[in-house]
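Coordinates in review
Here is what each chain is made of, one letter per residue.
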Amino acid sequence: MNFNEAELKQIENNTDKDFKNMIRFSYLTGVRISELINLQIKDIENGVINVLNKDNFTTKSKKYRIIPINKEIQEVLNTILGKSDSNVLLFLNPENYLFNKKKFRLNRVNVSNKFRCIIKKLKLNPNYHWHCLRATFIMNL
C-alpha cells in the first residue's frame, strides 16, 4: 500500500516538526524504519547517505546501500540539523543519531505507534503503517 500526495500532506500537517522530518526523510529516501533510527550523522557524507551494518544494527538485506542526496533530501537534512546553506552540512558530533531523543537512538516501536496514532486520528486506511512510506517511495521511482 502506498500513500497519495494528499494523504502525506495531511499526515505531515498533523504532527510535530521533528516527526514530520522523519516521515518526509523516510518517504524521500525509502529507508526502512530500523535503518532510519540507526542512521548516524557520520553516515551522511559526500552527497550520499550510507546505509550500512554496524555493531548494534544489521540491515534487513545485510547489504551496504548508498542513497544519493537530492535537493529535497538536502532540505530535510538542513531542517533537521538547523543549517541554512543547502550545500554544506556541518556536523558537530558524527556519532549522534540523525533522529534522536536527547542524543539517544529512538525506539522502533514508539515511532511506529506514534505513526499509527496519526493514521487513526486522521481516519485514514487502518492498514497504513510506516513501511507504506517505503512503498510510496518505490512507486514514485
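Refer to the preceding data block for the structure.
We now turn to the structure provided with this report.

The rules we used
Residues numbered from 1 in each chain as written. Predicted model: local features only at pLDDT ≥ 70, side-chain atom pairs only at ≥ 80, totals over all residues. Heavy atoms only, no water. Helix = DSSP H or I, 4+ residues; strand = E, 2+ residues; numbered from the N terminus. Buried < 20%, exposed > 50% of the residue type's maximum accessible area, 1.4 Å probe, protein only. Contact = heavy atoms within 4.5 Å. Axes fitted to C-alpha atoms, helices over the stretch in contact; angles between N-to-C directions. Parallel < 35°, antiparallel > 145°, perpendicular 65-115°, else oblique. Left-handed = near helix turned anticlockwise from the far one by under 90°. Phe/Tyr/Trp six-rings, centres within 6.5 Å; stacked < 30°, edge-to-face > 60°. Core = buried A, V, L, I, M, F, W, Y, C linked by side-chain atoms within 4.5 Å. Pairing = 2+ DSSP bridges.

**Thoughts on unusual backbone geometry**
Residues apart from glycine generally show negative phi values, whereas peptide bonds are mostly found in trans. Positive phi, close to 50°, is recorded for Asn46, a residue that is not glycine. With respect to the secondary-structure elements, Asn46 resides in the loop between β1 (44–45) and β2 (48–51). Using a relative accessible area of 78% as the deciding quantity, one classes Asn46 as exposed. Phi is positive for Lys123, which is not a glycine, with a value near 60°. Among the structural elements, Lys123 can be located in the loop between α5 (108–121) and α6 (131–140).

**Points about the environment of Ile49**
With respect to the element layout, Ile49 can be found in strand β2. With relative accessibility at 1%, the residue Ile49 sits in the buried group. In the structure, Ile49 is positioned 19 residues away from Pro68 in sequence and 6.3 Å away in space, judged by C-alpha atoms. The residues touching Ile49, leaving out its near neighbours within four places in the chain, are Phe25, Thr29, Leu39, Asp43, Ile44, Arg65, Ile66, Ile67, Ile69 and Ile73.

**A few points about the packing of helix α2 (residues 17–29) against helix α4 (residues 71–81)**
When two helices pack together, their arrangement is given by the angle between the helix axes and the distance between those axes. Running from N to C, α2 and α4 point in directions that differ by 155°, and their axes come no closer than 10 Å. Considering the angle they form, α2 stands roughly antiparallel to α4. As for the relative orientation of α2 and α4, their crossing is left-handed in sense. Each of Lys17, Asn21, Arg24, Phe25, Leu28 and Thr29 in α2 lies in contact with α4, whose residues at this interface are Glu72, Ile73, Val76, Leu77, Thr79 and Ile80.

**Re the packing of aromatic side chains**
Within this structure, the stated rule accounts for 5 aromatic pairs. Each ring, one from Phe3 and one from Tyr128, has its centre 4.3 Å from the other, and the planes form 40°; the classification is tilted. In this pair, Phe3 is assigned in the segment before α1 (5–12) and Tyr128 in the loop between α5 and α6, connecting sequence segments 125 residues apart. Judged on exposure class, the residue Phe3 and its partner Tyr128 are both buried. One aromatic cluster is present, built from ring pairs that chain together Phe3, Phe19, Phe115, Tyr128 and Trp130.

**Focus: the nonpolar core**
By size, the foremost hydrophobic cluster in this structure holds 37 residues, and its most contacted members are Phe3, Ile11, Phe25, Ile49, Leu98, Phe115 and Trp130. Only α1, α2, α3 (33–37), β2, α4, α5 and α6 provide two or more residues apiece to this core. Tallying contributions element by element places α2 first for this core, with 6 residues. Residues within four places of Ile11 in sequence aside, it is in contact with Phe3, Ile23, Phe115, Ile118, Ile119, Leu122 and Leu124.

**Notes on the sheet that holds β1**
Read across the sheet, 3 strands follow the order β1-β2-β3 without closing on themselves; strand pairing throughout is antiparallel. Only two strands of the sheet have a single neighbouring strand rather than two, namely β1 and β3 (65–68). In this sheet, β2 lies alongside β1 in antiparallel orientation, the contact comprising 2 bridges. Within the sheet, the bridge partner assigned to Ile44 lies in β2 and is Ile49.

**A closer look at the environment of Leu39**
In this structure, Leu39 sits in the loop between α3 and β1. Those residues within four positions of Leu39 in sequence are excluded, and the remaining contacts are Phe25, Ile49, Asn50, Lys54, Tyr97 and Leu98.

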